[in-house]
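Here are the chains, one letter per residue:
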Amino acid sequence: MKIDVAYVAELARLALSDGEKAVFQPQLENIVGYVEKISSVDVEGVEPMMHGRPLSNVFRKDEVRPSLPAETALANAPARTGDEFLLPKIVEGADS
Amino acid sequence: MKLYELGVKEAQEGVVKGDFTCADIVRSVIERFHEKNGEIGAYLTFDEEGALALAERNPKAVPIAVKDLINVAGQPCTCASKILRGYVSPYDATVIKNLKAGGFIPARRANMDEFAMGSSTENSALGVTRNPYDTTRVPGGSSGGSAAAVGGNMCIAALGTDTGGSIRQPASFCNCVGLKPSYGRVSRFGVTAFASSLDQVGPMTKSVEDAAILLKALAGHDEMDGTTPDEPVPDYPELIKGASFKGVKLGLPKEYFNTAGIDPEVKRITDEAVRRCAAAGAEIVEVSLPHTEYAMAVYYIIAPAEASANLARFDGVRYGHRSAKASDVFSLYTQSRAEGFGPEVKRRIIMGTYVLSSGYYDAYYGRAQKVRTLIKRDFDRVFGEVDALITPCAPTPAFKFGANQDPLTMYLNDLYTIPSALAGVCASSVPAGFTRDTNLPVGVQFICGGFEEAKLLKVSKAYEDCNH
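Parameters at a glance
Residues numbered from 1 in each chain as written. Chains lettered and ligands numbered in written order. Predicted model: local features only at pLDDT ≥ 70, side-chain atom pairs only at ≥ 80, totals over all residues. Helix = DSSP H or I, 4+ residues; strand = E, 2+ residues; numbered from the N terminus. Rg over C-alpha atoms; globule rule 2.2 N^0.38 Å. Buried ≥ 20, exposed ≤ 12 C-beta atoms within 10 Å, placed from the backbone. Axes fitted to C-alpha atoms, helices over the stretch in contact; angles between N-to-C directions. Parallel < 35°, antiparallel > 145°, perpendicular 65-115°, else oblique. Contact = placed C-beta atoms within 7 Å. Nonpolar A, V, L, I, M, F, W, Y, C, P; charged D, E, K, R; others polar. Pairing = 2+ DSSP bridges. Expected span 1.5 Å × (residues − 1). Bend = angle between axes of the 7 residues up to and from the residue. Core = buried A, V, L, I, M, F, W, Y, C linked by C-beta atoms within 7 Å. Left-handed = near helix turned anticlockwise from the far one by under 90°.

S.K.: Sorry, what's going on with the overall build of chain B here?
M.R.: Looking only at helices and strands, chain B features 16 helices and 11 strands. Over its C-alpha trace chain B gives a radius of gyration of 21 Å, about what one expects of a compact globule, namely 23 Å for 468 residues. When the backbone C-alpha atoms are referred to their principal axes, chain B occupies close to 70 × 60 × 45 Å. With 468 residues in all, chain B has 62% of them scored as buried.

Quick look at the structure:
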C-alpha cells in the first residue's frame, strides 16, 4: 500500500520536513501493511463497536451553568486582544 | 522505615492516628526525590513549596503522584510534549476532585510518553525516565514515570492512564500493581484525550489493597463524562478482605500462551503463577479468544484514528505552542504542530488521518470497529464460562533503551493488554516474580468482565497472598 504522506500530512495540518517524510514513508507503509490483516476477517452482518461500553444518547438538563471566566480561559492564550484570542487574518483578499 | 516507603493503607492509618502528618510524608518524598530523581527521572516537575503548603492545609491526606496528562488546577500539564510547555491547568479533572474528596492530595507530575503514545517513556519530549530495577532499561510506558515512582519508592502511589496497556505494562516492568478499570468506571473529564473509546484512568500502587482503596476514590458517575453510568461504586477494600481462590474458575486463554516472541523467563514466571493459583484452590480451565490475533491491527487503526481527531485541538490558537514563523492561519496550524509534536505523535496523527480519509474509511476504521465487536464477543462468551482470565502482561521484561527502534516492533509490546482494552473490560497487572539471569520484575495479568472490578481485585489479592 502506497501512502501519499505529504497529502495526508496536509489533511492533518502538519508540516513535515523532507527528512521526516523519508523516515515516515516506509514506517507507515509497514504499519498499514500490518493492519491490512483485518481484511481477511468475515464481518458480514456484524455491527460496529463505537465505544468500550454500549451507549445511547446521554443528555444533561438544558440549563445555563457557570463556566470558566474569560480571564481563566484566556490565561494560556498565545496571543490575545481584550477578551478574545488573537489570530492572523483568516479571510483571504478582503483588505481592510 | 522511611515514610516514602509506605503504601496507601499504612499512610492513611498513620495520618488518621496522628503518628505523622501529610506534610511529614511530603517532606520524606521530597528527600527521596533529591536522592533519586536525578538517576530515575520519574518526575518532570516537583513544586515542593506548593505540595508542602497543600499538605499543611490537609494534614490527614495522603499525597498521590499524577501522570502529566491529568489536569490539576494551577499546575502544569504538559503531556510530556513541547506543544504544552508553559501550559497551566485552569481546573481540576474529576479524578482529582474525587481524590481530594477521598482524603488524598495530588502531588508531583510523573513523566510519560508524549500524549501517552508509546511503551517505554522514550517518547517523552521533556526527559528520560529509567527503570528503578535496572537503570540501563526503560520503565515501560506510557505511564512510565508513574510506574518508576511507585517501583522506586518515590511516592506512596500514583495515577496512570491506560489506552492499550499503558498502566499494566509499566506496572509489570517496575514491580507494581496496576489496574485498568472497565470503560466507563472512571471519569476522563480533565484528562487529555488520546483515544476516547479506550482511555481509562487507574491506580498504580505497591499492593492490591492500595489499588482497591484508590479505585474506590476514583470511580463513579460524572455528568461531565457521558460514558460513566450512574452505577454504585462497591466498597472494594472491604470486599477483598479474605479473598481466596476457593470456587474461582480461572481461564487460560490459549492464544496468550502459544505466542511467538514471548520471553522464556516471562513464560516460566507466568506458568508458575498459574500453578500457584491452582495450588491455592483455583480451577484452571483452558479457554479460547479466537479473534486475539486481530486485536493489534484493530487497535493500531482505532487508536490513531481517534488520536488524530483529539489532537486537532492543538493548533496554536487557544493554548499551547504557537509558531513564530506563522504568516497566515494555515501556516499557524501546520507550523505550530510541526514544532510542537514529537515523531511518534506525528506518525500516529498521519496514520489516523489516513485510515479516516475519504476512500479508506470503510476498509480501515469501519471494518476495525466491526472486528472490535467480534473481539468483545469473545470476552463476553468466556466470562460466561470462567470468573477471570490469567495471562502474561507483557511479552518481555523491561528492555534496554533504544532496543525497539522500529515502531511496529514497539507496538507488539502491547500484545496481551490490547484485546481487553478494546473489549472495555477491566484488567490488572500484579507482581509475579523476577527473571533468573537479569533479576527484572515481571507481572502477571488478570482480566475480568465489564464493571467486575470487585472480582478482579479479589482474584488479584488472592494471587498476591499466595505469591508471598
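On we go from here.
S.K.: Explain the packing of helix α2 (residues 18-35) of chain A against helix α10 (residues 292-310) of chain B here, please?
M.R.: When two helices pack together, you describe them by how their axes are tilted relative to each other and by the distance separating the axes. Across the interface, α2(A) lies against α10(B) with an axial gap of 8 Å and an inter-helix angle of 125°. Relative to α10(B), the element α2(A) is oriented oblique. The segment α2(A) lies against α10(B), with A:Ile31, A:Tyr34 and A:Val35 engaging B:Ala297, B:Tyr300 and B:Ile301. Broken down by class, the residue content of the contact of α2(A) with α10(B) amounts to 6 nonpolar, no polar and no charged.

S.K.: Which parts of the structure should I look at to understand the pairing of strand β6 (residues 200-205) of chain B?
M.R.: The two faces of the sheet receive side chains in turn, since in a regular strand these alternate between them. Residue and element names in this part refer to chain B. Summarising burial for β6: 6 of the 6 residues are buried, a large majority. Bridge analysis of strand β4 (residues 158-162) against β6 gives 5 bridges, and the strand direction is antiparallel. Paired with Gly160 across the two strands is Gly202, which belongs to β6. Bridging between strand β5 (residues 177-180) and β6 involves 2 bridges; their strand directions are antiparallel. Bridge pairing links Val177 to Thr205 in β6.

S.K.: What is the right way to look at helix α7 (residues 208-218) of chain B in this model?
M.R.: Helical geometry note: an α-helix holds 3.6 residues per turn, so side chains three or four residues apart project in the same direction. In terms of burial, α7(B) is a largely internal element, 11 of the 11 residues being buried. All buried positions along α7(B) are accounted for by B:Val208, B:Glu209, B:Asp210, B:Ala211, B:Ala212, B:Ile213, B:Leu214, B:Leu215, B:Lys216, B:Ala217 and B:Leu218.

S.K.: Honestly, the sheet that holds strand β8 (residues 283-287) of chain B in this entry has me stumped. Any pointers?
M.R.: Two pairing modes exist for strands in a sheet, parallel and antiparallel, and in both the strands are linked by backbone hydrogen bonds. All names here are of chain B. If you trace the 11 strands from one edge of the open sheet to the other, you get β1-β3-β2-β4-β6-β5-β10-β11-β9-β7-β8, paired in mixed fashion. Each having just a single partner strand, β1 (43-45) and β8 make up the two edges of the open sheet. Adjacent strand axes in the sheet meet at a mean angle of 35°, parallel and antiparallel pairs treated alike. Of the strand pairs in this sheet, β1 and strand β3 (residues 104-110) are connected by 2 bridges, and their pairing is antiparallel. Paired with Tyr43 across the two strands is Ala110, which belongs to β3. Contacts from helix α16 (residues 453-466) reach β9 (388-392), β10 (426-434) and β11 (441-448), with the element oriented near 5° to β10.

S.K.: Explanation requested: the environment of A:Met50 in the structure shown.
M.R.: Tracing the chain through its elements places A:Met50 in the loop between α2 and α3 (70-74). Given 13 C-beta atoms within a 10 Å radius, A:Met50 is considered partly exposed. For the pair A:Met50 and A:Arg60, spaced 10 residues apart in sequence, the C-alpha to C-alpha distance is 21 Å. Sequence-distant contacts of A:Met50, defined by excluding residues within four places in its chain, comprise B:Ser197 and B:Gln369.

S.K.: When you look at α10(B) in this model, what are you seeing that I'm missing?
M.R.: Residues and elements named next belong to chain B. The first and last C-alpha atoms of α10 sit 27 Å apart over 19 residues, in line with the 27 Å expected at 1.5 Å per residue. If you look at α10, its biggest bend is around 30°, right at Val298. Within α10, 16 of the 19 residues are buried, leaving the element largely enclosed by the surrounding structure.

S.K.: So what exactly am I meant to see when it comes to the interface of chain B and chain A here?
M.R.: Size of an interface, as often reported, equals the accessible area lost when the parts are brought together. Contacts between the two partners involve 55 residues from chain B, matched on the other side by 45 residues from chain A. Every element with two or more residues in the side of chain B that touches chain A is listed here: α10, α11 (329-340), α12 (343-356), α13 (362-382) and α14 (407-411) of chain B. Broken down by element, the residue count for the side of chain B that touches chain A peaks at 11 residues, all from α13(B).

S.K.: It is not clear to me how unusual backbone geometry should be interpreted in this structure. Could you clarify?
M.R.: Of all residues except glycine, most have a negative phi; of all peptide bonds, most are trans. Residues and elements named next belong to chain B. Residue Ser142 is bonded to the preceding Gly141 through a cis peptide linkage, with omega at 10°. Relative to the helices and strands, Ser142 is located in the loop between β3 and α5 (144-151). The phi dihedral of Ala80 is positive, around 55°, even though this residue is not glycine. Residue placement: Ala80 occurs in the loop between β2 (62-67) and α4 (94-101). Residue Ala80 is classed as buried on the basis of its C-beta count, with 31 C-beta atoms lying within 10 Å. Although it is not a glycine, Thr121 adopts a positive phi angle of roughly 65°. With respect to the helices, strands and loops of the structure, Thr121 is situated in the loop between β3 and α5. With 34 C-beta atoms counted inside 10 Å, the residue Thr121 sits in the buried group.

S.K.: Quick question: what am I supposed to make of the nonpolar core here?
M.R.: Looking at soluble globular proteins, one finds that nonpolar side chains tend to be buried together. B:Ile64, B:Val298 and B:Ala388 are the most contacted members of the largest nonpolar core, which has 165 residues in total. With 12 residues, the top contributor of residues to this core is α10(B).

S.K.: Where do I start with the environment of B:Ser357 in this structure?
M.R.: In this structure, B:Ser357 sits in the loop between α12 and α13. Along the primary structure B:Ser357 and B:Ala305 are separated by 52 residues, whereas in three dimensions their C-alpha atoms are 9.7 Å apart. When sequence neighbours within four positions are dropped, the list of residues in contact with B:Ser357 reads A:Val8 and A:Leu11.

S.K.: What's the story with the packing of helix α2 (residues 22-40) of chain B against helix α3 (residues 48-57) of chain B in this structure? I'm lost.
M.R.: Residues and elements named next belong to chain B. Two numbers describe how α2 lies on α3: the axes approach to 8 Å, and their chain directions differ by 160°. Judged on the interaxial angle alone, α3 and α2 are roughly antiparallel. Where α2 crosses over α3, the two elements pack in a sense that is right-handed. Here Cys22, Ala23, Val26 and Ile30 of α2 come into contact with α3, specifically with Glu48, Ala51, Leu52, Ala55 and Glu56. Of the residues belonging to the contact of α2 with α3, the class tally is 7 nonpolar, no polar and 2 charged.

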